[in-house]
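So the chains spell out like this:
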Amino acid sequence: RRCETGLTARCCAGKACGCGIGAGWLNANGAARVEFMVRLNPGMPALPLAKPASGGELSRIMLAIKSAASSTRETATLVFDEIDAGIGGETGAAVGAKLKSLASDSQIICITHLPQIACCADARFRVVKSSRGGETMTAVERLAGEGVVDELCRMMGSKPADSKARAPAAGLPMNADPQAKGATA
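As the structure is a prediction and not an experimental result, all values here were calculated from the model.

Student: Any chance you could explain the nonpolar core here in plain terms?
Tutor: Nonpolar side chains in soluble globular proteins generally cluster together in the buried interior. By size, the foremost hydrophobic cluster in this structure holds 11 residues: Ala118, Cys119, Cys120, Leu143, Val148, Val149, Leu152, Cys153, Ala165, Ala169 and Leu172. Put simply, the parts of the chain that give this core at least two residues each are α5 (146-155) and α6 (163-171). Looking at which element gives the most residues to this core, the answer is α5, with 4 residues. Setting aside residues no more than four positions away along its own chain, Val148 makes contact with Arg124, Leu143 and Met174.

Student: What is the right way to look at the packing of α5 against α6 in this model?
Tutor: The interhelical angle for the contact between α5 and α6, taken along N-to-C directions, is 115°, at an axis separation of 9 Å. Judged on the interaxial angle alone, α6 and α5 are roughly perpendicular. Classified by chirality, the crossing of α6 by α5 is right-handed. Mapping the contact onto sequence places Glu146, Val149, Asp150, Leu152 and Cys153 in α5 and Ala165, Arg166, Ala169 and Ala170 in α6.

Student: Explanation requested: the pairing of strand β9 (residues 135-143) in the structure shown.
Tutor: The pairing of strand β8 (residues 124-132) with β9 spans 9 bridges and is antiparallel. Pairing of Phe125 across the sheet is with Arg142, part of β9. Counting the residues in the hairpin turn of β8 and β9 gives 2 residues, including Gly133, whose phi is positive at 60°.

Student: Please clarify how α6 should be interpreted in this entry.
Tutor: Quick reminder: α-helices carry 3.6 residues per turn. Residues three or four places apart thus point the same way. Three or more residues of α6 are buried, namely Ala165, Arg166 and Ala169. Down the axis of α6, the sector holding all buried residues measures 100°, keeping them to one side. Looking at α6, the residues exposed on the side facing more than 90 degrees away from the buried face are Ser163, Lys164, Ala167 and Gly171. The secondary structure elements touched by the buried residues of α6 are α5. Of the residues that open α6, the one with a side-chain oxygen 2.9 Å from the backbone nitrogen of Lys164 is Asp162.

Student: Whenever I open this one, the confidence of the model for the chain confuses me. Can you help?
Tutor: Predicted coordinates in regions of low pLDDT should not be interpreted in detail. Scored by pLDDT, the chain comes out at a mean of 75, with 68% of its residues at no less than 70. Considering only residues more than four positions removed or in separate chains, one finds that residues 178-185, a stretch of pLDDT under 50, has 16 contacts.

Analysis parameters
- Residue numbers run consecutively from 1 along every chain, following the written order of its sequence.
- Local features in a predicted model are, by the rule used here, given only for residues with pLDDT of at least 70; side-chain atom pairs are given and counted only at 80 or more, and totals for whole chains, interfaces and linings are based on all residues.
- The side-chain values count all of the structure's non-hydrogen atoms but skip hydrogen atoms and water molecules.
- In this description, a nonpolar core means a group of buried Ala, Val, Leu, Ile, Met, Phe, Trp, Tyr and Cys residues linked to one another through side-chain atoms lying within 4.5 Å.
- Here the term buried applies to any residue with accessible area under 20% of the maximum for its type, exposed to any over 50%, and partly exposed to those in between, with areas from a 1.4 Å probe on protein chains only.
- Under the scheme used here, helices are H or I runs from DSSP no shorter than 4 residues and strands are E runs no shorter than 2 residues, and both carry numbers assigned from the N terminus.
- Contacts are assigned to residue pairs with any non-hydrogen atoms lying within 4.5 Å of each other.
- Each axis is a line fitted through C-alpha atoms, taken for helices only over the stretch in contact, and angles between the N-to-C directions span 0 to 180 degrees.
- For classification purposes, an angle smaller than 35 degrees is called roughly parallel, one larger than 145 roughly antiparallel, one from 65 to 115 roughly perpendicular, and anything else oblique.
- Left-handed describes a crossing whose near helix is turned anticlockwise from the far helix through less than a right angle; right-handed describes the clockwise counterpart.
- Pairing between strands is defined by DSSP: at least two bridges between the two strands are required.
- By construction, the arc corresponds to the directions joining the helix axis to the C-beta atoms.
- Here a polar contact is taken to be a pair of N or O atoms separated by no more than 3.5 Å, where protein atoms must pair a possible hydrogen donor with a possible acceptor and residues adjacent in sequence count only if both atoms sit in side chains.
- The pLDDT value tells you how sure the predictor is about a given residue, anywhere from 0 up to 100.

If you want it as structure tokens, here you go:
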């Protein structure tokens, strides 16, 4: 029940929705299989997570699950691979702020394509793939200063040399404050 309460608090942020865990197969040690149940909107019935959830809702729920799990035990590192799937705009900024908040207790590794999330990081890296002689190679580059703005421009679909694209990229709130207005995910 503590897990359900934690998930509901993290997923719903004051909205009339809810999360629950329904036991599936039971054995001598407890539940061998569980099913997450979610009510994503007021007035809707709770359904298995796999049925009603969109990509953005799945991202938000996964963030809530990992957040609830990390609050009950010491978790050194949490990895989020494309937590931004199906989200954007204000929701992306809220997820970024939530990740920033989680980073106060755990190391967060986040693979993202969303500038609203990337701007919340303390350290930023870019993964670059290239092909040479029939081989694909991957390199990881640490970004700093103008390199961060260049990459944010690319994430926004613009060329780094485009001055009109640089202004919004440079204007993103770097290391966004998790206490900022609307910072719930």
